[in-house]
Amino acid sequence: MSAMTYEDALRMTDRETWSKLSEEGKVEVLQAVEDHMAAECGREARTVEGKWLYTGDDGIELGRYQTGNQTIYVNASQLGEGSLYGDNPDKMVEAVLHEGRHAFQHDVAEGRVPYEDAETAQAWAKNLEPGGYVRFDENPRAYWDQPVEADARRFASDRLSQLRSERTAIAERDAAREAAREASGEAPTQGQGAAPSGAPGEGPSHAGSGQGLSGGGESAGDGHDDARGAFDSAGDAPGEQSVVVQRHGRGLRMM
């Protein structure tokens, strides 16, 4: 659990602010988002960690939910300065939203949390049975279309849109408060909320360094292999050759 509030986390996902955070600080922000989403859905929050996940010419694994240790991993290679998505907080937030949705699906399928749509819950449970989940490398189209992936994509996209609106409202409120302070002659504030522990001044954590590329040796069903997003500009399901994958996230492969 993060000590950071959800509002402060949204402030930190402003692109300029995000770019100044260390890798450790970015993970702390993502943990605060996961904590809030879990409370919102009535499930237990998962730990968010940075880890080196697959990054290659054929795609990038942005995120992964590991059922064995109930951990959401984000690709540490995409948190650093100069990486393809290092300056794109919304992409990393969307990956965490997607992976958190998989955690919720597992909780529903296993009867840990209730869900009002019994038919959907049954479809998730069947999809998550041993042998029921189709990995991206087995069949990209079947992977894309299966119930848990279609739902996770939809949820993450919708919730990210709502999060952006919340962030805009917070920024407007902060600006109005600052203007009121200035009008009253008070000294300007130095920003809202506390900086995360990985804020500028501390070196990057390089979480997961030395572990090599992930994915090898994992049993089927012990992760979600999400190919989301950067398939084609129209947003259609991926073809065999059109994928930039993100395991749990958009435009890349997510697990």
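Being a predicted model, the structure only gives us computed values, none of them experimental. (Residues numbered from 1 in each chain as written. Predicted model: local features only at pLDDT ≥ 70, side-chain atom pairs only at ≥ 80, totals over all residues. Heavy atoms only, no water.)

S.K.: Break down the pattern of salt bridges for me, with residues and values.
M.R.: Within the structure shown, the criterion is met by 18 salt bridges. For Asp 8, the salt bridge goes to Arg 11, with nearest N and O atoms at 2.7 Å. Here Asp 8 pairs with Arg 11, and both are found in helix α1 (residues 6-12), just 3 residues apart, close to one helical turn. Note that Arg 154 is salt-bridged to Asp 151, the shortest N-O span being 4.0 Å. On the criterion of helical spacing, the pair formed by Arg 154 and Asp 151 is a turn pair, its members being 3 residues apart in helix α7 (residues 147-183). Residue classification places Asp 151 among the buried residues on the basis of a relative accessible area of 8%. (Salt bridge = Lys/Arg side-chain N within 4 Å of Asp/Glu carboxyl O. Helix = DSSP H or I, 4+ residues; strand = E, 2+ residues; numbered from the N terminus. Buried < 20%, exposed > 50% of the residue type's maximum accessible area, 1.4 Å probe, protein only.)

S.K.: Tell me about the packing of aromatic side chains, and name the residues and values.
M.R.: Evaluation of the coordinates by the stated rule reveals 5 aromatic pairs. Centroid distance Phe 104 to Tyr 115: 5.6 Å. Interplanar angle 75°. Geometry classified as edge-to-face. Taken as a pair, Phe 104 in helix α4 (residues 89-109) and Tyr 115 in the loop between α4 and α5 (118-127) lie far apart in primary sequence, 11 residues in all. A relative accessible area of 6% places Phe 104 in the buried class. Ring centres 6.1 Å apart and planes at 75° place the aromatic pair Phe 104 and Trp 124 in the edge-to-face group. Here Trp 124 lies in helix α5 and Phe 104 lies in helix α4, a separation of 20 residues in the sequence. Here a set of aromatic residues connected by ring pairs shows up, and it is made of Phe 104, Tyr 115 and Trp 124. One Lys or Arg, Lys 51, reaches over the ring of Tyr 73 and ends 4.5 Å from the middle of that ring. (Phe/Tyr/Trp six-rings, centres within 6.5 Å; stacked < 30°, edge-to-face > 60°. Lys NZ or Arg CZ within 6 Å of the ring centre and 35° of its normal.)

S.K.: I'd love a proper account of the packing of α4 against α5, names of residues and values included.
M.R.: Where α4 contacts α5, the axes come no closer than 9 Å and their chain directions differ by 100°. Accordingly, the angle class assigned to the pair α4 and α5 is roughly perpendicular. Contact residues: Arg 101, Phe 104, Gln 105, Val 108 and Ala 109 in α4; Ala 121, Trp 124 and Ala 125 in α5. The residue inventory of the contact of α4 with α5, partitioned by class, reads 6 nonpolar, 1 polar and 1 charged. (Axes fitted to C-alpha atoms, helices over the stretch in contact; angles between N-to-C directions. Parallel < 35°, antiparallel > 145°, perpendicular 65-115°, else oblique. Contact = heavy atoms within 4.5 Å. Nonpolar A, V, L, I, M, F, W, Y, C, P; charged D, E, K, R; others polar.)

S.K.: How would you explain unusual backbone geometry if you had to name every residue and give the values?
M.R.: At Gln 70, a residue that is not glycine, the phi angle is positive and equals roughly 50°. In this fold, Gln 70 is placed in the loop between β3 (59-66) and β4 (71-75). Gln 70 sits in the partly exposed class, given a relative accessible area of 29%.

S.K.: Hey, could you go over the nonpolar core for me, with residue numbers and the actual values?
M.R.: Side chains of nonpolar character tend, in soluble globular proteins, to be buried together. With 31 residues, the main nonpolar core has Leu 30, Val 74 and Met 92 as its most contacted residues. Of all the secondary structure elements, the ones that give two or more residues to this core are α1, α3 (23-41), β3, β4, α4 and α7. Non-local contacts of Met 92, meaning those with residues more than four positions away in its chain, are made with Trp 18, Leu 30, Leu 62, Val 74, Asn 75, Gln 78, Leu 79 and Tyr 85. By size, the runner-up hydrophobic cluster in this structure holds 11 residues, among which are Val 113, Trp 124, Leu 128 and Tyr 133. (Core = buried A, V, L, I, M, F, W, Y, C linked by side-chain atoms within 4.5 Å.)

S.K.: Residues and numbers for α5, please.
M.R.: For α5, every residue scored as buried is listed here: Ala 121, Trp 124 and Asn 127. In an axial view of α5, the angular spread of the buried residues amounts to 125°, which keeps them on one side of the axis. Within α5, the exposed residues directed more than 90 degrees away from the buried face are Ala 118, Glu 119, Gln 122 and Lys 126. A distance of 3.2 Å separates the backbone nitrogen of Glu 119 from a side-chain oxygen at the start of α5, and that oxygen is part of Asp 117. (Arc of directions from axis to C-beta. Polar contact = N/O pair within 3.5 Å; in protein donor to acceptor, adjacent residues only side chain to side chain.)

S.K.: Account for the pairing of β3, with residues named and values stated.
M.R.: With respect to burial, β3 is a largely interior element, 8 of its 8 residues being buried. The pairing of strand β2 (residues 55-56) with β3 spans 2 bridges and is classified as antiparallel. Bridge assignment links Gly 56 to a residue of β3, and that residue is Gly 59. Pairing between β3 and β4: 4 bridges, direction antiparallel. Bridge pairing links Arg 64 to Tyr 73 in β4. (Pairing = 2+ DSSP bridges.)

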